[in-house]
Amino acid sequence: MSLAVAKAMPFVYILRCADGTLYVGHTQDLEARERSHNDGTGARHTATRRPVRIVYSEAHAKTSEAIRRERQLKRWSRKKKAALIAGDRTLLKQLSKRRTLRP
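A brief report on the enclosed structure follows. (Residues numbered from 1 in each chain as written. Predicted model: local features only at pLDDT ≥ 70, side-chain atom pairs only at ≥ 80, totals over all residues. Heavy atoms only, no water.)

What follows concerns the overall build of the chain. Scanning the chain from N- to C-terminus turns up 6 helices and 3 strands. Reading the chain from its N terminus to its C terminus gives the helix and strand order α-β-β-α-α-β-α-α-α. Considering only C-alpha atoms, the chain reaches an extent of 45 × 35 × 25 Å along its principal axes. Relative to its 103 residues, the chain shows a buried fraction of 32%. The contacts of the chain with a sequence gap of at least 6 include a subset with a gap of at least 24, amounting to 50%. Per element, the accessible surface of the chain, about 7000 Å² overall, is 51% carbon and sulfur. Averaging the positions of the 24 positive and the 9 negative side-chain charges in the chain gives two centres separated by 10 Å. (Helix = DSSP H or I, 4+ residues; strand = E, 2+ residues; numbered from the N terminus. Buried < 20%, exposed > 50% of the residue type's maximum accessible area, 1.4 Å probe, protein only. Contact = heavy atoms within 4.5 Å. Areas by Shrake-Rupley, 256 points an atom, 1.4 Å probe, with all protein chains shown as cover. Lys, Arg positive; Asp, Glu negative; His and termini not counted. Charge placed at Lys NZ, Arg CZ, Asp CG, Glu CD.)

Going through the model one piece at a time under the given rule, you end up with 1 aromatic pair. Between Tyr13 and Tyr23, the ring centres sit 6.4 Å apart and the planes meet at 40 degrees, which makes this aromatic pair tilted. Of this pair, Tyr13 sits in strand S1 (residues 11-16) while Tyr23 is found in strand S2 (residues 22-27), placing the two residues 10 residues apart along the sequence. The exposure class assigned to Tyr23 is buried, which follows from its relative accessible area of 17%. (Phe/Tyr/Trp six-rings, centres within 6.5 Å; stacked < 30°, edge-to-face > 60°.)

Right, let's get into the environment of Leu84. Within the secondary structure, Leu84 is located in helix H5 (residues 78-86). Remark: the alpha-carbon pair of Leu84 and Ala18, spanning 66 residues in sequence, is separated by 19 Å.

As for its position among the elements, Ile85 is in helix H5. C-alpha separation for the pair Ile85 and Ile14, spaced 71 residues apart in sequence, amounts to 8.2 Å. Contacts of Ile85, omitting those with residues within four sequence positions, involve Ile14, Arg16, Leu22, Val55 and Tyr56.

Turning to the pairing of S2, a few remarks are in order. Burial within S2 is extensive, with 5 of its 6 residues counted as buried. In this sheet, S2 lies alongside S1 in antiparallel orientation, the contact comprising 6 bridges. Among the inter-strand pairings, Arg16 is bridged to a residue of S2, identified as Leu22. Between S1 and the antiparallel strand that follows it, S2, lie 5 residues; Gly20 among them carries a positive phi value of about 95 degrees. (Pairing = 2+ DSSP bridges.)

Our next topic: the pattern of salt bridges. What the rule picks out here adds up to 3 salt bridges. A salt bridge links Arg49 to Asp19; the shortest N-O distance between them is 2.9 Å. Separated by 30 residues along the polypeptide, Arg49 in the loop between helix H3 (44-47) and strand S3 (53-59) and Asp19 in the loop between S1 and S2 bring together distant segments of the chain. One salt bridge in this structure joins Lys74 and Glu70, with 3.1 Å as the shortest N-O distance. Of this pair, Lys74 and Glu70 both sit in helix H4 (residues 63-75), 4 residues apart, which is roughly one turn of that helix. Note on Glu70: relative accessible area 10%, which makes it buried. (Salt bridge = Lys/Arg side-chain N within 4 Å of Asp/Glu carboxyl O.)

All quantities given are derived from atomic positions and should not be read as evidence of function.
What follows is the structure, given as structure tokens:
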């Protein structure tokens, strides 16, 4: 895949901020987006928590899919995001189990 094609693909990413917090977003250019967060022109959350580093990303075929996945990841607990970043499928599956029964 050429660099031009890779940059045009929509991505979902997770940043780790200097204070340890995680930030989820989407972009079509991971390098430029990380740079903008570190320049302080990204999200308000990351502007005061620099430097930041992309610790996870996944490519999607459509921007709408990336946005849908971003919204899903934003609802996840910190532990669940950490398991995704670490690639720990066992823990991720365990954390995904419903804790209470539906009525």
